[in-house]
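# Secondary and tertiary structure notes
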Amino acid sequence: MISNPDPAKDQRAIVAIDLDYYYAQCEEVRNPAIKGKPVVICVFSGRTVESGAVSTANYVARNLGVKSGMPIALAKKILQKNSDSVLLPMDTEYYVEVSDRIMETVRTHGEKFEQASIDEAYLDVTALTKADFQRAVAIGREIKNEIFAKESLTCSVGIGPNKLMAKMAVDSSKPDGIMTILPDEVKYFLNPLPVGKLFGIGPKTEEKLKGLSITTVGELASANVIVLSEQFGNKLGFTLSRMANGVDTDPVVDREPEQMSRIVTLKHDAESFDFQEVLKPLVGDLSRRLTTSRNLSKAIGIILITTDLKIKSRTRTLDTPTNSEIDILKVATEIFESYFGQENFEDKSSHIRRVGIRVSSFVKSTDPKSGTLFDYL
Ligand SMILES: [Mg+2]
């Protein structure tokens, strides 16, 4: 019933990237002194000092029993004997900024790129490697090394004939690993696994399958599709059967980013525009990212974060879209000057702590000099 893809024609090579214990690792990179200690990133609900849940824990904390989703109070109880434990609130803006830079790096390594979440992405390298898995692994390793060199962050890499198998491979290689599932290894890999390990199967489905005496992926793969459809409905029944057979035709969908931004913390809180120098690397980075993604920006914006953490922004639309460092810096400077000329800074809380630049409203560049690394290979 399951038609396997024709290997000669349909063989794909997909790379999955997953940044390790991402939020907690970002905090370790920002403050290396906490590395080796239990680090727990918390989503505080604000009701009481302790109310809220654990978002991400590093492996030191995980090995002590702290898990994502756990109440903060419970995590504290588990860590009470570890006086060196570090509990931190989420700094989403920082995690997004680091993620944006990493995703831009990943994007340049393949022909199709899909960001699945803040710390996960898929890359289709079929054409680039002619579906040669050895070459796909080399690309995966290159990406891993490049992310570490640029951001000091470790990630895990999975390579497979489709997104599902790449995802299964990356999950098995965590942390800081790289794993390949070759097309003819799919069954050996999947068959012995408990069904709950198959990506997308939750505890409810697992329980229902148990009722059908199906506990391993291999048993699910050879189960009668008609029986599965009766139990789960046609759509899910067929999907389960296909997944258990390692079949996934879901394409890597290259979605263009709608905007790019970079933010930086100023050395001193500002009440006047005296920080053009700190904007230069931000502008350089944005210009590079526009160029590699073949985009021109029609709107330049500035972001300002006050000492009491209010976020303000101003945007200007351009007559002629650009990717030029000089243009972006010029426009951003004008907007900053006009902001500081208009606002009142008597109250210290209105002083500016962090500033950023955002480019958006993209149009495609036709300049042959713009392009991704892929075009030159
Ligand atoms: Mg991750």
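First things first, this report covers the structure right here in the doc. (Residues numbered from 1 in each chain as written. Predicted model: local features only at pLDDT ≥ 70, side-chain atom pairs only at ≥ 80, totals over all residues. Heavy atoms only, no water.)

The reference angle at a metal is 109.5 degrees if four donors form a tetrahedron and 90 or 180 degrees if six donors form an octahedron. Taken together, the protein donors to the magnesium ion comprise Asp 18 (OD), Leu 19 (O) and Asp 119 (OD), at separations of 2.1 to 2.4 Å. Counting the intervening residues between successive donors of the magnesium ion yields the motif D-L-x99-D. Of the two residues, Leu 19 is situated in strand E1 (residues 14-19) and Asp 119 in the loop between strand E5 (112-117) and strand E6 (120-124); the sequence distance between them amounts to 100 residues. Comparing Leu 19 with Asp 119, the two get one shared label, buried. (Donors = N, O, S within 2.8 Å, 3.2 Å for Na, K, Ca; no water. Helix = DSSP H or I, 4+ residues; strand = E, 2+ residues; numbered from the N terminus. Buried < 20%, exposed > 50% of the residue type's maximum accessible area, 1.4 Å probe, protein only.)

Below, the discussion takes up the pairing of strand E12 (residues 352-364). Where strand E9 (residues 259-270) and E12 come together, 8 bridges link them in antiparallel fashion. The residue of E12 that forms the bridge with Ile 263 is Gly 356. With 11 bridges joining them, strand E10 (residues 295-306) and E12 adopt antiparallel strand pairing. Residue pairing in the sheet places Asn 295 in a bridge with Lys 364 of E12. (Pairing = 2+ DSSP bridges.)

The next subject is the environment of Pro 38. Residue placement: Pro 38 occurs in the loop between helix H2 (22-30) and strand E2 (39-44). A sequence separation of 26 residues divides Pro 38 from Leu 64, and the C-alpha atoms of the two residues are 8.3 Å apart. Apart from residues lying up to four places away in sequence, Pro 38 is in contact with Asn 58, Val 60, Ala 61, Leu 64, Leu 79, Asn 82, Asp 84, Ser 85 and Val 86. (Contact = heavy atoms within 4.5 Å.)

Residue position: Val 247 is located in the loop between helix H13 (234-244) and E9. As for Val 247 and Asp 327, which are separated by 80 residues in sequence, their C-alpha atoms are 48 Å apart.

We now examine the pattern of salt bridges. Close approach of charged atoms allows side chains with opposite charge to pair. For the structure on display, the rule yields 27 salt bridges. A salt bridge links Lys 76 to Glu 50, with the shortest nitrogen-to-oxygen separation between them at 3.5 Å. Taken together, the residues span a long stretch of sequence, with Lys 76 in helix H4 (residues 72-78) and Glu 50 in the loop between E2 and strand E3 (52-57) at a distance of 26 residues. Judged by its relative accessible area of 31%, Lys 76 is partly exposed. A salt bridge links Lys 167 to Asp 171, with the shortest nitrogen-to-oxygen separation between them at 3.6 Å. A residue pair is termed a helical-turn pair when its members lie 3 or 4 positions apart in one helix, as Lys 167 and Asp 171 do in helix H8 (residues 163-173) at 4 residues. A relative accessible area of 8% means that Lys 167 is categorised as buried. Here the salt bridges share partners, and the residues they tie into one network are Glu 97, Arg 101, Glu 151, Arg 262, Asp 285, Arg 288, Arg 289 and Arg 354. (Salt bridge = Lys/Arg side-chain N within 4 Å of Asp/Glu carboxyl O.)

Attention now moves to the state of the cysteines. Overall, the coordinates contain 0 disulfides when judged by the stated rule. Distance from the sulfur of Cys 26, which forms no disulfide, to the nearest cysteine sulfur (Cys 155) is 12 Å. A relative accessible area of 1% places Cys 26 in the buried class. Since its relative accessible area comes to 0%, Cys 155 is described here as buried. (Disulfide = S-S within 2.5 Å.)

Taken together, the 3 strands give an open sheet; going across it, the order is E3-E2-E4, and neighbouring strands pair in mixed fashion. The open sheet has two free edges, formed respectively by E3 and strand E4 (86-89), since each of these has just one partner strand. Across the sheet, the mean angle from the axis of one strand to that of its neighbour is 35 degrees, orientation sign disregarded. As paired elements, E2 and E3 share 5 bridges and run antiparallel to each other. Bridge pairing in E3 places Cys 42 opposite Val 54. (Axes fitted to C-alpha atoms, helices over the stretch in contact; angles between N-to-C directions.)

For the rest of this paragraph, the subject is the sheet that holds E12. Within the open sheet, the 4 strands sit side by side as E9-E12-E10-E11. Their pairing is antiparallel. Only two strands of the sheet have a single partner each, and these edge strands are E9 and strand E11 (311-322). On average, each strand axis in the sheet is inclined to that of its neighbour by 20 degrees, with strand direction left out of account. Sitting on the sheet, helix H5 (residues 92-107) is in contact with E9, E10, E11 and E12, with an inclination near 135 degrees to E9.

Our next topic: the environment of Phe 113. Examined against the element boundaries, Phe 113 turns out to sit in strand E5. On the basis of relative accessible area, Phe 113 is assigned to the buried category, the value being 2%. In this structure the C-alpha to C-alpha distance between Phe 113 and Met 103, which are 10 residues apart in sequence, comes to 8.9 Å. Setting aside chain neighbours within four positions, we find Phe 113 in contact with Met 103, Val 106, Arg 107, Ala 121, Tyr 122, Leu 123, Val 252, Val 253, Asp 254 and Arg 255.

We now examine unusual backbone geometry. In the segment running from Lys 174 into Pro 175, the intervening peptide bond is cis, with an omega of -10 degrees. Tracing the sequence through the fold places Pro 175 in the loop between H8 and strand E8 (178-180). In the Ramachandran plot, Ala 131 falls in the positive-phi region, its phi being about 55 degrees despite a non-glycine side chain. Within the fold, Ala 131 resides in the loop between helix H6 (126-129) and helix H7 (133-151). With a phi angle near 55 degrees, Ser 152 is a residue other than glycine that sits in the positive phi range. Position of Ser 152 among the secondary structure elements: in the loop between H7 and strand E7 (155-160).

Right, let's talk about the packing of helix H12 (residues 225-232) against H13 for a bit. Where H12 meets H13, the closest approach of the two axes is 7 Å, and the angle between their N-to-C directions is 135 degrees. By the criterion of interaxial angle, the relationship of H12 to H13 is oblique. In this structure, H12 crosses over H13, and the sense of that crossing is right-handed. Every residue of H13 that contacts H12 at Val 225, Leu 228, Ser 229 and Phe 232 is listed here: Asn 234, Leu 236, Gly 237, Phe 238, Leu 240 and Ser 241. (Parallel < 35°, antiparallel > 145°, perpendicular 65-115°, else oblique. Left-handed = near helix turned anticlockwise from the far one by under 90°.)

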